[in-house]
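So you can see what is in the structure, the chains are spelled out below.
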Amino acid sequence: MSMFKLVFQNFKSSFKSYLSLILSLSFTTMILSNFINLVSSGILDQLGESQSQNIEIVIQTLSVVIACFMLFFVWYATNVFLTKRKKEIGIYVFMGLSNQKIGQLYMLETSLIGGVSLFLGVGFGILTSQLFTMILVKLSDIAIEIKFKFTISSVLITCMIFGIIYLIFVIKGYINIVRSSVLEMVSANKQNEYVKQNVIVLLFKSIIGVCFLGYGFYLAVKEAGMEVMGNVLIATVMVIVGIYMLFGGLIPFIFQRLAQNKRFLYKKERNLWVNRMIFRVKKNYRTYAMVCVLMLCSVTALGFGFAMKERSDQINHFENTYTYQIMSKEKGARQAFTSLIERKNKIKYSSEVEIAVIPNEYTDNVYKNTPYTLLSYSAAKKIAKETGLPFAYGEPKDNEFIELTHLYLMSFADEQIKTSHTINQTMYTSMEKTNEPYLGYMQEQMECMIVNDHVYQTLKPLAQCMYFYNFKLASANHFEQSVEDIQSSPFCDGLVKINPKRNENAWIQILFSVSFFVFLVFIFASGSILFMKIYNDAFEEKERYRILSKIGVDKKIQSKAITKELQIAYAIPLIIMTIASFFSLKALANVMLVPSLVTINIWSILISYVFFGLCYFASKAIYKKNIGL
């Protein structure tokens, strides 16, 4: 029999064991090829040079993340299958084949798996490229013309990335086989992931794991200022190490204690699955920890996308408080501007406000381009009333002010820290901060302080006073039609016009859509890893269940024990991920300054539970079939 024929026969007979790996790699490759095609096809150029560049950077960064994840996933999967196949291919030694020939056999068979995965991934990537773009554009809510265009360069780049990653581990497997002895090959599937540990070691790991997780969770939810990013990074490391320690220490420790409780152990079929879970968790604890971390990453990625979108929507709402903001040195010109605008547009609401710009020589301000600007308390209340914005602040004292801030995409500033400014040799301290857009878009361009009316009148002689006339149109579809009329007015010294349909934050909206696909990739891969592990374990357990049948253990009892065992095998990573994800998204909400991500957390967890439920039912059916039940 030729080597190629033997490779094809082996691939065909083991196709079911390769199926989850092929599907996962194909799905990941499909997403990667669509991301690369989205950049290389030029579809995003319709958004303008600046936006398209931002989006390309986002997609390229996430493509690197997916490629790194693919590297990790291929490494793990090839290791699992190499261990499984070593005994089988080790038998070829007795047939007269050298280690080099066996290594070549493994390389060809593994390359066939990779080739099929790549072919399916790129093929479905081409077929779904337009659908992928449509979904991305729909989720992002951006206006671009969708065209079917799949470039050769995207295919080549995808094949190159996948090929390099896969070739690394094919060669690694070949070297591993060449350097292995016959005994190592034959006994490979009996080698476990763990080293036997006593109760003291497990208890020590349990304590360390709980402490790491607890401290990580504390840092994740702790409100802080500039150190918040450092806290998040430390918390990430702490949580990952803590999860690893839980699966390596606390969980096997709990099952060992349950096994020692005879009242618990000898009820129903618990004796079968509890002892089996002790072995399964100790053997596969690295795999379970890996799956749990991957699921946590997937939920966090989705939460990050939603947080970015919510923050972007808030900024967009902030900047669109007014359609027109007219600057003038003339007092009482509101009616004149109103008449000009109402020639062609209907006004929803408007406001007029006097502000006092304090020259830097009277202040401690070191920024020349953002001078201190004063707004009287009564004027701020009037704006809030005219525009319908909330205003629930008490009047500042003579040495106090209310700080008007604007929205940032991300901020590490501690909102609890009080700001102090010196004006005309008098120090004023902020009593409160607010990002309500009383001054709309212009609020982003100045350092604005709301002071009481007495302080305002006292400092007004030092300042350059100007007036803002703010107008919000009922419908901004024809907002350009009034621009020329406004600018023709002798009272108009400057005009800021806001187009509500502009795409300044289109890259953030794309990021939101991309995060959904990253979530799917991570969830799909984590479920596949667990599925692969349970599938391979079934072959090792076949003899055990055959013996149980021979000694008279009813098959229904065996089936119930398997059901309970697999339920717990899937449930433990899900439960730990559910708990950890709450703190993960809480930390994300703190960094992104969004109210809450609880709804996103619940939905992402539900999707994870549904997918893992499907994996569980498939695993149970295949597991029972493989062991002969």
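Along each chain, numbering runs from 1 in the same order as the chain's sequence is written. Where local features are concerned, this predicted model is filtered to residues with pLDDT of at least 70; where side-chain atom pairs are given and counted, the filter is 80 or more; whole-chain, interface and lining totals use all residues. The basis for every side-chain value is the complete set of heavy atoms in the structure, and neither hydrogens nor water enter the calculation.

Secondary structure elements are taken from DSSP: a helix is a run of H or I of four residues or more, a strand is a run of E of two residues or more, and numbering for both begins at the N terminus. Looking only at helices and strands, the protein features 17 helices and nine strands. For the exposure calls, accessible area comes from a 1.4 Å probe over protein chains only, and a residue counts as buried if that area is under 20% of its type's maximum, exposed if over 50%, partly exposed in between. Taking all 629 residues of the protein together, the buried fraction comes to 51%. Where accessible areas are quoted, they stem from the Shrake-Rupley method and a 1.4 Å probe; at the residue level, only the protein chains shown are allowed to cover. When the accessible surface of the protein is split by element, carbon and sulfur atoms take 62% of a total near 29600 Å².

What follows covers the pairing of strand 1 (residues 324-328). The buried count for strand 1 comes to five of five residues, which makes it a mostly enclosed element. With burial as the criterion, each face of strand 1 is covered, one bearing Tyr324, Ile326 and Ser328 and the other bearing Gln325 and Met327. As paired elements, strand 1 and strand 8 (residues 464-473) share five bridges and run antiparallel to each other. When the bridges of strand 8 are listed, Gln325 appears paired with Asn470. Strand pairing is assigned whenever DSSP identifies at least 2 bridges connecting the two strands.

Below, the discussion takes up the packing of aromatic side chains. Aromatic rings from Phe, Tyr and Trp, with only the six-membered ring used for Trp, were paired whenever their centres fell within 6.5 Å, and each pair was classed as stacked if the ring planes differed by under 30 degrees, edge-to-face if by over 60, and tilted otherwise. Evaluation of the coordinates by the stated rule reveals 14 aromatic pairs. Consider the rings of Phe162 and Tyr166, whose centres lie 5.4 Å apart with planes at 10°: the pair is stacked. Of this pair, Phe162 and Tyr166 both sit in helix 5 (residues 152-178), four residues apart, which is roughly one turn of that helix. There is no split in this pair, since Phe162 and Tyr166 are both buried. Plain terms: the ring middles of Phe337 and Tyr469 are 5.4 Å apart, the flat faces sit at 45° to each other, and that makes the pair tilted. Highlighted residues: Phe337 in helix 11 (residues 334-341) and Tyr469 in strand 8, separated in sequence by 132 residues. The same class applies to Phe337 and to Tyr469, which are both buried. Put simply, the rings of Tyr570, Phe611, Phe612, Tyr616 and Phe617 touch in pairs and so form one group of aromatic residues.

We now examine helix 16 (residues 555-592). Taking 1.5 Å of rise per residue, 38 residues should cover 56 Å, and helix 16 covers 54 Å from first to last C-alpha, within 8% of that figure. The seven residues ending at a residue and the seven starting there each receive a fitted axis; the angle between those axes is the bend at that residue. Within helix 16, the axis deviates most sharply at Ala571, by approximately 30°, and proline Pro573 lies no more than four positions further along. To estimate the expected span of a helix, count its residues, drop one, and scale the result by 1.5 Å.

Read from one edge to the other, the open sheet built from nine strands follows the order 5-6-4-7-3-2-8-1-9, with strand pairing classed as mixed. Whereas interior strands pair on both sides, the edge strands pair on one side only; in this sheet they are strand 5 (420-423) and strand 9 (494-497). The mean inter-strand angle of the sheet, taken between neighbouring strand axes irrespective of direction, is 35°. Sheet topology places strand 4 (residues 400-404) next to strand 6 (residues 426-434); five bridges connect them, and they run parallel. Each residue of the ladder has a partner; that of Ile402, found in strand 6, is Glu432. For helices, the axis comes from a line fit to the C-alpha atoms of the stretch in contact; other axes are also lines fit to C-alpha atoms, and the angle between any two N-to-C directions lies between 0 and 180 degrees.

Not every positive phi belongs to a glycine, and Asn424 is a case in point at roughly 55°. Here Asn424 shows up in the loop between strand 5 and strand 6. For Gln425, which is not glycine, the phi torsion reads 65° and is therefore positive. Inspection of the secondary structure assignment puts Gln425 in the loop between strand 5 and strand 6. On the basis of relative accessibility, which here comes to 78%, the residue Gln425 falls in the exposed class.

When you line up the elements, Ser339 lands in helix 11. With a relative accessible area of 38%, Ser339 lands in the partly exposed category.

Let us now look at the nonpolar core. Ile243, Phe247 and Phe255 are the most contacted members of the largest nonpolar core, which totals 101 residues. For this core, the element with the most residues is helix 10 (residues 270-319), which contributes 21 residues. Between two residues, a contact is recorded if the distance between any of their heavy atoms is within 4.5 Å. Setting aside its immediate chain neighbours within four residues, Ile243 contacts Leu213, Ala289, Cys292, Val293, Leu296 and Ile576. Within the second largest apolar cluster, 26 residues are counted, among which are Ile355, Val357, Tyr377 and Ala384. By convention a nonpolar core is built from buried Ala, Val, Leu, Ile, Met, Phe, Trp, Tyr and Cys residues, the set being connected through side-chain atoms within 4.5 Å.

Time to look at the pattern of salt bridges. Take a side-chain nitrogen of Lys or Arg and a carboxyl oxygen of Asp or Glu: if they are within 4 Å of each other, that pair is a salt bridge. The tally for this structure, following the rule as stated, stands at four salt bridges. With a closest N to O distance of 3.6 Å, Lys344 and Asp485 form a salt bridge. Highlighted residues: Lys344 in the loop between helix 11 and strand 2 (347-357) and Asp485 in helix 14 (residues 483-487), separated in sequence by 141 residues. A residue is classified by how much of its surface remains accessible, and Lys344, at 45% relative accessible area, is partly exposed. Through salt bridges that share partners, Arg343, Lys344 and Asp485 make up one connected network.

One face of the sheet, then the other: side chains in a regular strand alternate in exactly this way. Burial within strand 8 is extensive, with eight of its ten residues counted as buried. Sheet analysis places strand 2 next to strand 8, joined by ten bridges and oriented antiparallel. Looking across to strand 8, one finds that Ile355 is bridged to Met466.

What follows is about the side chain of Thr323. Tracing the backbone through its elements, the reader meets Thr323 in the loop between helix 10 and strand 1. By the criterion applied in these results, polar contacts are pairs of N or O atoms within 3.5 Å in which, for protein atoms, one can donate a hydrogen and the other can accept it, and in which residues neighboring in sequence qualify only through two side-chain atoms. A polar contact is formed between the side chain of Thr323 and the backbone nitrogen of Leu473, at a distance of 3.1 Å. Those residues within four positions of Thr323 in sequence are excluded, and the remaining contacts are Phe471, Lys472, Leu473, Phe479, Val496, Lys497 and Ile498.

Next up on the list: the side chain of Asn452. Examined against the element boundaries, Asn452 turns out to sit in the loop between strand 7 (447-451) and helix 13 (453-459). There is a polar contact of 3.2 Å between the side chain of Asn452 and the backbone nitrogen of His454. Every residue in contact with Asn452, bar those within four places of it in the chain, is listed here: Tyr377, Glu395, Pro396, Lys397 and Asp398.

A grouping of Leu71, Ile157, Met160, Ile164 and Ile168 is seen on the molecular surface, where their side chains present a nonpolar patch of about 430 Å² in accessible area. Considering every element that reaches the nonpolar patch, the biggest residue donor is helix 5, with four residues. Tracing the backbone through its elements, the reader meets Ile168 in helix 5. By definition, no residue in a patch forms a salt bridge, and every one has over 30% relative accessible area; like charges are joined within 9 Å, nonpolar side chains (Val, Leu, Ile, Met, Phe, Trp, Tyr) within 5 Å.

Axis separation between helix 16 and helix 17 (residues 598-627) bottoms out at 10 Å; the angle between their running directions is 160°. Taken together, the axes of helix 16 and helix 17 are roughly antiparallel relative to one another. As for how helix 16 packs across helix 17, the hand of that crossing is right-handed. Partitioned by chemical class, the residues of the contact of helix 16 with helix 17 number 15 nonpolar, eight polar and three charged. These descriptions rest on fixed angle ranges, namely under 35 degrees for roughly parallel, over 145 for roughly antiparallel, 65 to 115 for roughly perpendicular, and the rest for oblique. Helix crossings get a hand from a simple test, with the near helix turned counterclockwise from the far one by less than a right angle marking a left-handed crossing and a clockwise turn marking a right-handed one. Each residue gets one label: Ala, Val, Leu, Ile, Met, Phe, Trp, Tyr, Cys and Pro are nonpolar, Asp, Glu, Lys and Arg are charged, and the others, such as Gly, are polar.

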